[in-house]
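# Structure at a glance
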Amino acid sequence: MNYLLKRLLERRSWKKIYKQRLTEPFHLNFISVFVYLFGSFANKVSYDLVIRPQYAYGILTAAMEAKKRNMTKITVIEFGVANGGGLMNMIKIAKRVTKSTGVIIDIYGFDTGKGMPSPVDFRDHPEYYNTGDFPMNRELLEKNIKGKAKMIYGEISDSLKKFTLDLDPNSPIGFVSVDVDYYSSTKDVLELFKSNSNLFLPLTYVYFDDIFMSHHNSKSVELLAIKEFNDSTPLRNIEYHHFFINQRIFKNAQWVKQLYFLHVLDHEERSVTKKERNQRVLDNPYLKFKGNKKQFN
Ligand SMILES: C[S@@+](CC[C@H](N)C(=O)[O-])C[C@H]1O[C@@H](n2cnc3c(N)ncnc32)[C@H](O)[C@@H]1O
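Description of the structure in this document. Quantities reported herein were computed from a predicted structural model and do not represent experimental measurements. (Residues numbered from 1 in each chain as written. Predicted model: local features only at pLDDT ≥ 70, side-chain atom pairs only at ≥ 80, totals over all residues. Heavy atoms only, no water.)

## A look at the site of the ligand
- The environment of the ligand is made up of 20 residues, and the closest members are Arg52, Gly80, Asp111, Asp179 and Ser185.
- With respect to the ligand, the backbone of Thr112 contributes an N or O atom lying 3.2 Å from a nitrogen atom.
- Asp179 has a polar side-chain atom sitting 2.7 Å from a nitrogen atom of the ligand.
- Surface burial for the ligand is 92%, taken as the share of its 600 Å² of free accessible area covered by protein chains.
- For the shell around the ligand, the residue count by class is seven nonpolar, seven polar and six charged. (Near = heavy atom within 4 Å. Polar contact = N/O pair within 3.5 Å; in protein donor to acceptor, adjacent residues only side chain to side chain. Areas by Shrake-Rupley, 256 points an atom, 1.4 Å probe, with all protein chains shown as cover. Nonpolar A, V, L, I, M, F, W, Y, C, P; charged D, E, K, R; others polar.)

## A few points about the packing of helix H9 (residues 183–190) against helix H10 (residues 221–232)
- Here H9 crosses H10 at 40°, and the two axes come no closer than 8 Å. For the pair H9 and H10, the sense of crossing is right-handed. Together, Tyr183, Thr186, Lys187 and Leu190 of H9 and Val221, Glu222, Leu224, Ala225, Ile226, Glu228 and Phe229 of H10 make up the contact between the two elements.
- Residues belonging to the contact of H9 with H10 are distributed by class as follows: seven nonpolar, one polar and three charged. (Axes fitted to C-alpha atoms, helices over the stretch in contact; angles between N-to-C directions. Helix = DSSP H or I, 4+ residues; strand = E, 2+ residues; numbered from the N terminus. Left-handed = near helix turned anticlockwise from the far one by under 90°. Contact = heavy atoms within 4.5 Å.)

## Details of a nonpolar patch on the surface
- Together, Phe26, Phe30, Ile31, Val33, Phe34, Tyr36, Leu37 and Phe38 line one region of the surface with nonpolar side chains, adding up to about 880 Å² of accessible area.
- Relative to the helices and strands, Leu37 is located in helix H3 (residues 26–38). (Patch = residues over 30% accessible without salt bridge, like charges linked within 9 Å, V, L, I, M, F, W, Y side chains within 5 Å. Salt bridge = Lys/Arg side-chain N within 4 Å of Asp/Glu carboxyl O.)

No statement about biological role is implied by the geometric values presented.
Structure, rendered in structure tokens:
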């Protein structure tokens, strides 16, 4: 609650509420009050009533997908942790997701531990970010995340390989937040998505934190790294799902345009040799079926 109050006291939070929330239909905001007071965690996620709704949606949906597959664990990762606001939010959300779904969430954070490395060129937007920005109070963060999340320190280009070798397919990656600001760092992060297909859910949610900024474009930072990744990996695709917005109640929320889908095209589940499943039969409301609907010609 303290955190919520602190956020509400920030001017940018009010700007966001004014532009993204109060522009939505009145009746939906009215219903939200009741959902906030009496709704389940899943209802609150549907109504964007959880802080960092993108994390809540990504983690909850990934856990539900894992549960459908009788899996008991998933892995979620934040690339770019700084002082840990996002990572600690992930921990809080994961706790609620586990309570609601029974699925356990393994949480990892990646960071240099000492702020931004040096930018390489214009593609990293040095006019926005530069060496040493976003330092970390490592000791304080470690104290607060102990036993709840694990930090991997160092340059992502150095630390990622070993991390992927240690990953457990029984806890597939279901949600990833990419918040490393530079093109060069995002490119390093996306190497993760070239790992074995069984380390992911067949559709894994990837949130890109910076694509909304006015000076960002398809020749820099995240959009460029995504394009290069897609061009170089025929069996993996990071894509914005244009109909995702239609699945959301609140359509003006910015995060809805920042959540991408990683399609793992070589995932076992997408294979033509996939194990037996029930035949799918379409109903026809104009016809009357007697007995088993599946027996019509
Ligand atoms: C904007 S901050 C992250 C903020 C955080 N997600 C939050 O919500 O509070 C970006 C972070 O990315 C980290 N970073 C950028 N490039 C990196 C790299 N190549 N390797 C490791 N960490 C990197 C920086 O150390 C910095 O702390």
